[in-house]
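# Examination of the molecular architecture
Residue-level listing of the chains:
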2 protein chains.
Amino acid sequence: MALRARALYDFNSENPGEISVKENEILTLYSEQDIEGWFEGANSRGERGLFPASYVEILKNDATPAFNNSTSGDAYQGQGTRYANTPSSGYDASYKIQTQVDNFTKAPASNFSTFSPPTHHQQNYQTSQGSDDDWDDDWDDSSTVADEPGVVGGSLQDYDGNGPSTYRVTTSSMSRGGNAQHAKSSATVSRNLNRFSTFVKSGGEAFVLGEASGFVKDGDKICVVMGQYGPEWQENPYPFTCTIDDPTKQTKFKGMKSYISYKLTPTHTQSQVNRRYKHFDWLYARLVEKFPVISVPHIPEKQATGRFEEDFISKRRKGLIWWMNHMTSHPVLARCDVFQHFLTCSSTDEKAWKQGKRKAEKDEMVGANFFLTISTPAAPLDLQEVESKIDGFKAFTKKMDDSVLQVNATISEFARKQITGFKKEYQKVGQSFKALGQAFELDQQAYSVGLNQAMAYTAEAYDAIGEYFAEQPRQDLDPVMDLLALYQGHLANYPDIIHVQKGALTKVKESQKHVEEGKMEGPQADGVNERCNIISFATLAEIQHFHQIRVRDFKAQMQHYLQQQIGFFQKITGKLEEALQKYDNA
Amino acid sequence: MALRARALYDFNSENPGEISVKENEILTLYSEQDIEGWFEGANSRGERGLFPASYVEILKNDATPAFNNSTSGDAYQGQGTRYANTPSSGYDASYKIQTQVDNFTKAPASNFSTFSPPTHHQQNYQTSQGSDDDWDDDWDDSSTVADEPGVVGGSLQDYDGNGPSTYRVTTSSMSRGGNAQHAKSSATVSRNLNRFSTFVKSGGEAFVLGEASGFVKDGDKICVVMGQYGPEWQENPYPFTCTIDDPTKQTKFKGMKSYISYKLTPTHTQSQVNRRYKHFDWLYARLVEKFPVISVPHIPEKQATGRFEEDFISKRRKGLIWWMNHMTSHPVLARCDVFQHFLTCSSTDEKAWKQGKRKAEKDEMVGANFFLTISTPAAPLDLQEVESKIDGFKAFTKKMDDSVLQVNATISEFARKQITGFKKEYQKVGQSFKALGQAFELDQQAYSVGLNQAMAYTAEAYDAIGEYFAEQPRQDLDPVMDLLALYQGHLANYPDIIHVQKGALTKVKESQKHVEEGKMEGPQADGVNERCNIISFATLAEIQHFHQIRVRDFKAQMQHYLQQQIGFFQKITGKLEEALQKYDNA
């Protein structure tokens, strides 16, 4: 017999996958295990989907052991506790999500204050740390592997403040009870009910609602300052770059396993470290998890086959160089601990590496808590101006994304045409000149010989020009495409970043309304406003950074492209001039 | 009742259209009008086709007025006389051939000595003087128009020697009767029976057999000299060139008729004359008729529609310029009377024009008689060497023809690709840069503006480069194609020229054999040999001229092509450099 529940409040579905329920409506549950605070089931109209677990009470007299086959996986160990009428407080390692946690610390039972959300998922990028480059072969006995595409492993925060330079920060200005009434108020007023929304997952909501808390070390402090063009990340006082060289194939287990190792040399240490793709991948996952409104550059895509082929290695190296460039150029990313660990930890000191790795994975200043580390100028931003800037940027990213797609398609095709068609056309011209020259050679009178030789040279010149065309895209179009690929990654990140900012703004508006309606106290609304202000500063700083680096990159790349094109056409001209000279004495 | 004839000798068909007949076989004739010495009819096996008129006698008792509907045309006026058992001596204006003759002088009835063959038909070129450019609208009331494509009008020769500077030449060393027995001997031993063979039509055979005779004026003498590379035409002591400018549309009959007039200015007179396409066409027909072993350059093709369109006019003018270049470059063609008349006769003096025109059309030194005008070095050529050279040249023309075809097809396609595909590709790149630049323009911060402007300029540059590609073939490939077209004409002429030479060589071999067999006297064979020697000298001189002008033309054209290509790529480079500079302050 089916598990049944009664709706305690009205709930109107707002997202795909959700269903609306009416107060007192009897619902069918597919499982009494909630999924991050949501139940899956059907309403009285037969619609199937999700609704907030806190909005219903399970009808116990009907209850039978749940037939939980539909949602349980191998890791479905029932760690989550079902809280009737209240959202689940913990981040359950359920719903086929395997979290990568070294020290799993059970969160306190208080419903909201310790909610540690997963980071927002960056579209189109899979952060799994699985099969590629033998990720599963070493140093990770205590960690499990997230092999579910599109789902980022999240860590539960460790509550222990440690070290002398940390201080405790809490943004929680509300004391909350576990009663349903409060849940209702909170849920309908200030909480986004879709646990899968980026605003929620990124920790943005939790932060805005004052639920983030943690100890911020001095070294973790991140400053947004007012620059010439608006808010911007404080510059990295110790800028550096990092080269990536000599991808070499390494083997271990007596040649049973192979991987490619890259030599990284950061300018600030001048000390070379060897890193593999899996290390980049691991780092990337840490960064995505940690920074909710920073566009972490995507690392080059995985490739299952041909990953030891020269072309692929070269292409990946170029992608990693671009990635590294964006990392070291970013004032926040460049300085963060996990990146520095990655860049500087000796490749041979396994113990140090593991220590740093575990520290990074235990980092509590991720997601919602990341915002705690941000310090902003004293003067708050104008909300309307922020909204207008964000909207403008949203339009910008949309249009840039479209045109990047167009440029990419166009120059891919252009490259293909040069490699095939253009080459063929010029070489066919060469071949026809060659044939004519060979016909002419049947006449070996003295006055013919010069022309015959010049014709033969001209034929070779056109053959060579055909080759030039085929080789050229590698010199000029490929680098443009590499840049575009990187920016496509950024552009895919921004919808989520904008979503977080928009979510925060919405919260501010809601809280203002609630104050007007007398449902919320002023100071509480002020807190929401202040925290939203922090998110706004961070978002605008990130946008500013994006524009600046975009202008820098595209300027440099267009210059490079044009220089290459000029060199290309000059090379052709030179070849033709050589051919022309052959006729001087013909 | 059918007209019947009896075969006097065996005749074995050697060419398509001919049928074999046996001595005494009774044949059906379709007409008692012979066609250039051939009857059309059927043999006793029912095969239909041509056989030599001289091989049969018409059975008079069976004779009825011929049902001559199958071969007669409007001009079929029975001017030819049927000579039973003997070939027709005259060139009948029958078989749908309309000859363009102002003074039709009936040829004497002697069978062979006055045979005036039509000129050889130059492959692929139609020398009709019909519909194009309103040929039929003026100055030719006494001439009819040949409107049958592929058939060249021929004039009957005028026997009157006139003027004090002419002297009579005859090569005839044989006195021939009109009896059938002689016809047999001559036909089976020394005459090519296919009246349509070029050797026969060109007059080559008639000349070799000593049947040509005429008065050669001093001014008509053409010298072949021994040059560095073998026999060559004596250089024109008064070389000149001729420009063709300002094709303009003219109208007459109050605008009812339109034509294009070209301004010709020869350097040796510096006096401008206006000529129309029909004049070129008429001149061309005269030249083809007159010169059996000279490759007369083809004039540009006719075009029925669009002949007043700018592109067509420009293309035709270029073709005429090439043609003129080859005319003035040729030591024999440049100096001949009809060409000089064409170049120098005032366009407004209609009377002078008509006089010169009629004189040219009455010129007796055409075809077989042309060879009379040639004087050669004293030392005869080695027959085997000549044969080897001719064979080599035959192989050369074949290979050159193939490769010219290949070059032409290749560069036509290359031009098409540049005009369509290449242009499109570069402009698509421009458009995609433009779109990206426009996306970037949504960000109007000060540091973005420079890049945005540079991107817009780059987009325009690629658009312009696309146009460059589309415009370029007109500058470089079109002239090459014009040259190739001219040479395709020459190459189409050479099989016939070689055929004449080969025919003459065969006659020499035959006559030598006959001398050995006692069927021919030594002096008679010597005469054949001497006349063949003249043809050989002329042919080798013409080949030498062809090679020299070919080397000159292709050298110049390849240089022009490469210069244009260099200029083209430099123009692109310049445009790209302009674009690159825009980034300097971006």
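Residues numbered from 1 in each chain as written. Chains lettered and ligands numbered in written order. Predicted model: local features only at pLDDT ≥ 70, side-chain atom pairs only at ≥ 80, totals over all residues. Heavy atoms only, no water.

## Concerning the sheet that holds strand 13 (residues 374-375) of chain B
Residues and elements named next belong to chain B. Under the convention used in this document: Two strands qualify as a pair provided that DSSP identifies no fewer than 2 bridges between them. Strands are runs of DSSP state E lasting at least two residues, helices are runs of H or I lasting at least four, and both sets are numbered from the N terminus onward. Only heavy atoms matter for contacts: two residues are in contact if any of them lie within 4.5 Å across the pair. For every element, the axis is a line fit to its C-alpha atoms; helices are fit only across the contacting stretch, and the angle between N-to-C directions ranges from 0 to 180 degrees.
The sheet built from three strands is open, its strands ordered 9-8-13 with mixed pairing. Two strands close off the open sheet at either side, each with one partner strand: strand 9 (230-233) and strand 13. When strand 8 (residues 222-227) meets strand 9, the two strands line up antiparallel, connected through four bridges. Counterpart to Val 224 in the pairing with strand 9 is Trp 233. Contacting strand 8, strand 9 and strand 13, helix 11 (residues 522-581) runs over the sheet at an angle of about 80° to strand 9.

## Side note on the pairing of strand 12 (residues 273-276) of chain B
Residues and elements named next belong to chain B. Bridge count for strand 11 (residues 257-266) against strand 12 is four bridges, and the pairing is antiparallel. Across the sheet, residue Lys 263 finds its bridge partner in strand 12, namely Asn 274. Where strand 11 hands over to strand 12, the hairpin turn is made up of six residues, of which Gln 270 adopts a positive phi near 55°.

## Let's talk about the relation of the copies chain B and chain A
Between the two copies of this chain, the relationship is a rotation about some axis together with a displacement along it. What counts here: The atoms used to superpose the copies are C-alpha atoms, taken from residues with pLDDT of at least 70 in both, and the fit is least squares.
Laying chain B over chain A is done by rotating through 180° and shifting 0.3 Å along the axis; what remains is an RMSD of 0.6 Å. The two molecules are tied by a two-fold rotation axis, judged by turn and shift. Closest to the rotation axis within chain B is the C-alpha of B:Phe569, separated from it by 3.1 Å.

## What about the confidence of the model for chain A?
All names here are of chain A. Worth spelling out the cut-off: pLDDT is a per-residue confidence score from the predictor, ranging from 0 to 100.
Predicted confidence across chain A gives a mean pLDDT of 78, with 75% of residues reaching 70 or more. Across residues 62-189, where pLDDT falls below 50, the model places 285 contacts with residues more than four positions away in sequence or in other chains. Across the interfaces of the predicted complex, the ipTM metric reaches 0.71, alongside a pTM of 0.71.

## A word on the side chain of B:His490
All names here are of chain B. Our working rule: To sort residues, take the accessible area from a 1.4 Å probe on protein chains only and compare it with the maximum for the residue type: under 20% means buried, over 50% means exposed, and anything in between is partly exposed.
Looking at the element boundaries, His 490 is found in helix 10 (residues 477-516). Of the residues examined, His 490 reaches a relative accessible area of 5% and is grouped as buried. Apart from the residues within four sequence positions on either side, His 490 is in contact with Ser 295, Val 296, Pro 297, His 326 and Phe 546.

## Brief notes about the interface of chain B and chain A
The figure often quoted for interface size is the accessible area lost as the parts come together. This is how the line gets drawn: A simple way to read buried area is as the amount of 1.4 Å-probe accessible surface that goes missing from two parts once joined, with both sides added. Counted as salt bridges are all cases of a side-chain nitrogen of Lys or Arg within 4 Å of a carboxyl oxygen of Asp or Glu. In protein, a polar contact requires one atom able to donate a hydrogen and another able to accept it; more generally it is a pair of N or O atoms within 3.5 Å, and residues adjacent in sequence count only if both atoms are side-chain atoms.
Across the contact, 62 residues belong to chain B and 62 residues belong to chain A. Carbon and sulfur atoms supply 74% of the area that chain B and chain A bury against each other, a total of about 6100 Å² over both sides. Summed over the three residues of chain B that lose the most area to chain A, namely B:Glu425, B:Tyr447 and B:Phe569, the buried surface amounts to 11% of that side. There are four salt bridges connecting chain B and chain A. Among the ionic pairs, B:Lys417 bridges to A:Glu425, the shortest N-O distance being 2.7 Å. For the pair chain B and chain A, the number of links is 17 residue pairs in polar contact (both at pLDDT 80 or more). Elements supplying a minimum of two residues to the side of chain B that touches chain A: helix 8 (383-441), helix 9 (446-475) and helix 11 of chain B. Tallying contributions element by element places helix 8 of chain B first for the side of chain B that touches chain A, with 25 residues.

## Some points on the sheet that holds strand 5 (residues 56-58) of chain A
Residue and element names in this part refer to chain A. Read from one edge to the other, the open sheet built from five strands follows the order 4-3-2-1-5, with strand pairing classed as antiparallel. Two strands close off the open sheet at either side, each with one partner strand: strand 4 (48-52) and strand 5. Taking the axes of each pair of neighbouring strands and ignoring which way they run, one obtains an average angle of 45° across the sheet. Bridge count for strand 2 (residues 26-29) against strand 3 (residues 38-42) is two bridges, and the pairing is antiparallel. Within strand 3, the residue paired with Leu 29 across the bridge is Gly 41.

## Digging into unusual backbone geometry
Residues and elements named next belong to chain B. Non-glycine residue Asp 246 carries a positive phi angle of around 40°. Here Asp 246 is to be found in strand 10 (residues 242-252). Among the residues examined, Asp 246 registers a relative accessible area of 44% and is labelled partly exposed. Positive phi, close to 55°, is recorded for Gln 270, a residue that is not glycine. By the element assignment, Gln 270 lies in the loop between strand 11 and strand 12.

## Observations regarding helix 4 (residues 277-290) of chain A
Our working definition: In a helix, the anticipated span is given by 1.5 Å times the number of residues less one.
Compared with the 20 Å implied by 1.5 Å per residue over 14 residues, the 20 Å span of helix 4 of chain A between its first and last C-alpha is a close match. In terms of burial, helix 4 of chain A is largely enclosed, as 14 of its 14 residues are buried.

## Looking at the pattern of salt bridges
On inspection of all chains with the given rule, the structure shows 44 salt bridges over all chains. Linked by salt bridges that have partners in common, A:Glu413, A:Arg416, A:Lys417, B:Glu425 and B:Lys428 make up one network.

## Concerning the packing of helix 4 (residues 277-290) of chain B against helix 5 (residues 310-329) of chain B
Residues and elements named next belong to chain B. Rules: Whether a crossing is left-handed or right-handed is set by the direction in which the near helix is turned from the far one by less than a right angle, anticlockwise for left-handed and clockwise for right-handed. Any residue outside Ala, Val, Leu, Ile, Met, Phe, Trp, Tyr, Cys, Pro, Asp, Glu, Lys and Arg is labelled polar, Gly included; the first ten of those are nonpolar and the last four are charged.
Orientation of helix 4 relative to helix 5, taken along the N-to-C sense of each, is 35°, at an axis distance of 13 Å. Helix-helix and strand crossings are classified by hand; for helix 4 and helix 5 the assignment is left-handed. Judged by residue contacts, Tyr 277, Phe 280, Leu 283, Tyr 284 and Leu 287 of helix 4 engage Arg 316, Leu 320, Trp 323, Met 324 and Met 327 from helix 5. Classifying every residue of the contact of helix 4 with helix 5 by side-chain character gives nine nonpolar, no polar and one charged.

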